[in-house]
Amino acid sequence: MPTAPKPVRRVVIAGGGTAGWMVAAGLSKCLGQQLDICLIESDEIGTVGVGEATIPTLHLLHEVLDLDEKEFIQATQATFKLGISFENWRDVGQHYFHSFGRTGKGHWTAGFHHFWLEGRQRGLASDYGDYCLELRAALDNRFALLPDNGINYAYHFDATLYGQYLRRYSEALGVRRFEGKIVQVQQATAGGDITGLLLDNGHLLEGDLFIDCTGMRGLLIGQTLGVGYESWSQWLPCDSALAVQTTSVGEPVPYTRSIAHPWGWQWRIPLQHRVGNGIVFSSRHVSDDEAKAALLANVQGDVLRDPRVIRFTPGQRELVWQRNVVAIGLSSGFLEPLESTSIHLIQKGLTRLVELFPADGICQSDVDEYNRQARESIEHIRDFIILHYHVTQRADSEFWRQCRDMEIPASLQHRIQLFRDSARFAPVAGDLFAENSWVQVMMGQGIAPRSHHPITRQMDNASLGDFLGSIRKEVARTTMKLPKHHEFISHFCPAPAPWMNTAADTRGGPRLNINPAAVFETLTLDDGSRVLVVDDFVRDPDALVALAQVQAGAGRFKPVPGHPYPGPRLDLPEPMAGELAEFFEAQVRGALRAGEPLGMSSRFSRVMQDPATLDPRQRLCHRDGSGLQANETIVASVHYLFRDARLGGTVFFRSLMSDADTAQFLRDAGTLDGPAFTERYGIAPGYMTASNRYFEVIGRLPARWNRAVFYDGGVFHTGDIQWAHRDAYLQDPGRLTVNAFFKRRRP
């Protein structure tokens, strides 16, 4: 007689990150009272972390988990997303928008686009996007929650913070987390099922069902059980990605930007306090260095960390459930983030597992059904992504010519041909993307249907014009009633800056130890601006220098590509940043009449760049916070951590030019190369420390060991760098400072 299946009571999730903690949250919420769930992750193993944009299906998971939307948004620095702007995909200089939601109103015989096509033919219809609320609101930078799900939206969020948020949720429901690396996978002698995972600390975790969330390496499903991987590189040409974060320089828009390049594409995803950027590219058509240079040349704001290359093979695991292992996330397959489907595929893997959960034992019929549904789901999405590459009018590079001319899956070819011939949509059961999505992308990429449904010809001009006009007017009226996206966030769900989420005294790690007996003095510059000088600022400045030297020795001080600061920098540890923020609120805000806090950043810095190599921006005094809005200001600070006064303090300036001429001068400094700038303005490479015909000195503050200075970042200023003492700058620790920037609402 066959052996009865073994009931599943112990679930072991291998790997954390977004995938691991989504699975932990869903299983613990739905089946946690029947299961013992544990999760293994190592702080030493990083995550891929390129996915920060979602699609509206995430609402379904959050409803299952019963999450509070406002709490979730604030915990993950989220903004709202109404769609994706595709730029340069159809052809260079041509853009279109793939919005969420519905466009117009269709008929049971034909979708709205048939009526729109008839209206265009008769000269009665405006742009297709004029009939979609989500599209018009996105392009006008507006958003609000509407009754009865009146607007379809998703989110941009910090994927790392999302994982941490779901971890807290899961642990509250009883999920146990184990820190460590998996060093051995134990299998049953008979059958080959996995029985346990041995960690590097000697802990053995045994289970009945194992969820592989170990990323692209697929430790359990691939390396242990030997399930192969089916590559889709013949249809999806990109195999590499670079991701980088930058500071915010403007209001976050409620959509993702996808910007095509000659060898791939770039994303831009705005969060509340930073922006996620990246490039997906084909390594056969561009080098890593060239892709990195293109990425850094096309970002806005300060780069917060160096981009790193991620290699991938687009495709699907041949089986995502094998024996007693279910692969979810990147271990099951990978589709590039073009349509923000990575997190959705994790969600589908989870919900499918809950629907087919083998509580009374694993049955092959359940396994087969899970694998069938998983393959169909990802293949539908695969076809939709291929559509963007294949249907293009670009012929400016070998990459795009190959995409245009490649053979595509028969399933996609049928959909394209059907739409091209008759504007008809071929629905497929279980397809993630509905008719409106396919129509927007096919027309956006340049398909012009040769015909459309004859039902539209039943309407005379007056009736068709009234039908189209009423929809367009309603969309316009509703759009204008919506608040601006950033205004809605600021009222409904503003998130504190990540470094201010908890009080400084609750965090471990290095501390500033600000001196309660520090000496304060307020100075006034020649233009009336106030400067707060704080001497004996911290109690143990030598400890800060020693910390910086250790970090420099480990190679963590680095120049930020594209940033004008003339030397390497390192973000201040979070506990120190928290102390500095609290000190500012308690001691500085009143003295400098600063407004309400909007965010802060801080870093160790060293001046090390030879003056002969300075670009035009670096030869000048400057103002901080170039991306500020009209109602925002910046207060800056510098803490001198060197004893050699020859290394210089801070010099303040005012412009001798008109506002318009000053603005032009600064624009030229940012756009002209060195020789052209010198020829136009007569300013040779070198550090600016004295008055010239464009700016005059209004104050000079000498450096002093352990002195901190707080001032209005809108006043022109620069370091008093005397390169005649070159050796003093280049020796360790040289001109070491802590620089901080406090973004405030204008009082």
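Just so it is clear, the structure is predicted and the values come from calculations on it, not from any experiment.

**Focus on the environment of Met688**
- Locating Met688 in the fold gives a position in the loop between helix H19 (674-681) and strand S28 (695-701).
- Once the C-alpha coordinates of Met688 and Gly719 are considered, the two residues, 31 residues apart in sequence, prove to be 8.2 Å apart.
- With sequence-adjacent residues up to four places away left out, Met688 is seen in contact with Arg619, Leu620, Cys621, Phe653, Phe695, Thr718 and Gly719.

**A look at the pattern of salt bridges**
- Enumeration according to the criterion identifies 39 salt bridges in this entry.
- The residue Arg404 makes a salt bridge to Asp405 at a minimum N-O spacing of 3.1 Å.
- A relative accessible area of 54% places Asp405 in the exposed class.
- The partner of Arg745 in a salt bridge is Glu596, with the nearest N and O atoms 3.7 Å apart.

**A few points about the packing of aromatic side chains**
- Summed over the entire model, instances satisfying the criterion amount to 51 aromatic pairs.
- Note on Trp89 and Tyr389: the rings are 5.3 Å apart at their centroids and 70 degrees apart in plane angle, and the pair reads as edge-to-face. Note that Trp89 is positioned in strand S4 (residues 83-91) and Tyr389 in helix H10 (residues 364-390), a separation of 300 residues in sequence. Like Tyr389, Trp89 is buried.
- Ring pairs connect the aromatic residues Phe72, Phe80, Phe143, Tyr153, Tyr155, Phe157, Tyr162, Tyr165, Phe488 and Phe492, which therefore count as one cluster.
- Against the face of Tyr370 rests Arg352, its NZ or CZ located 5.4 Å from the ring centre.
- Stacked on the ring of Trp438, the Lys or Arg Arg415 has its end atom at 4.2 Å from the ring centre.

**Some thoughts on the sheet that holds strand S19 (residues 321-322)**
- Read from one edge to the other, the open sheet built from six strands follows the order S7-S2-S1-S11-S20-S19, with strand pairing classed as mixed. Every other strand in the sheet has two partners, leaving strand S7 (176-179) and S19 as the edge strands with one partner each.
- In this sheet, strand S2 (residues 36-41) lies alongside strand S1 (residues 10-14) in parallel orientation, the contact comprising five bridges. Opposite Arg10, over in S2, you have Asp36 as the bridge partner.
- Helix-sheet contacts for helix H1 (residues 17-31) involve S1, S2, S7 and strand S11 (209-212), and the interaxial angle to S2 is about 170 degrees.

**Some remarks on the layout of surface pockets**
- What the second largest pocket holds in volume is close to 710 Å³.
- Looking at the lining of the second largest pocket, the elements with two or more residues in it are helix H2 (58-65), helix H3 (69-76), strand S5 (94-99) and helix H13 (435-444).
- Of all the elements, H2 adds the most residues to the lining of the second largest pocket, at four residues.
- Among the residues forming the lining of the second largest pocket, the class breakdown is 14 nonpolar, 11 polar and four charged.

Conventions adopted
Residues numbered from 1 in each chain as written. Predicted model: local features only at pLDDT ≥ 70, side-chain atom pairs only at ≥ 80, totals over all residues. Heavy atoms only, no water. Helix = DSSP H or I, 4+ residues; strand = E, 2+ residues; numbered from the N terminus. Contact = heavy atoms within 4.5 Å. Salt bridge = Lys/Arg side-chain N within 4 Å of Asp/Glu carboxyl O. Buried < 20%, exposed > 50% of the residue type's maximum accessible area, 1.4 Å probe, protein only. Phe/Tyr/Trp six-rings, centres within 6.5 Å; stacked < 30°, edge-to-face > 60°. Lys NZ or Arg CZ within 6 Å of the ring centre and 35° of its normal. Pairing = 2+ DSSP bridges. Axes fitted to C-alpha atoms, helices over the stretch in contact; angles between N-to-C directions. 1 Å grid on protein atoms, 1.4 Å probe; cavity = no way out; pocket = protein on both sides within 12 Å on 5 of 7 lines; lining within 4 Å. Points joined across faces, edges and corners; volume = space filled by probe spheres on them. Nonpolar A, V, L, I, M, F, W, Y, C, P; charged D, E, K, R; others polar.

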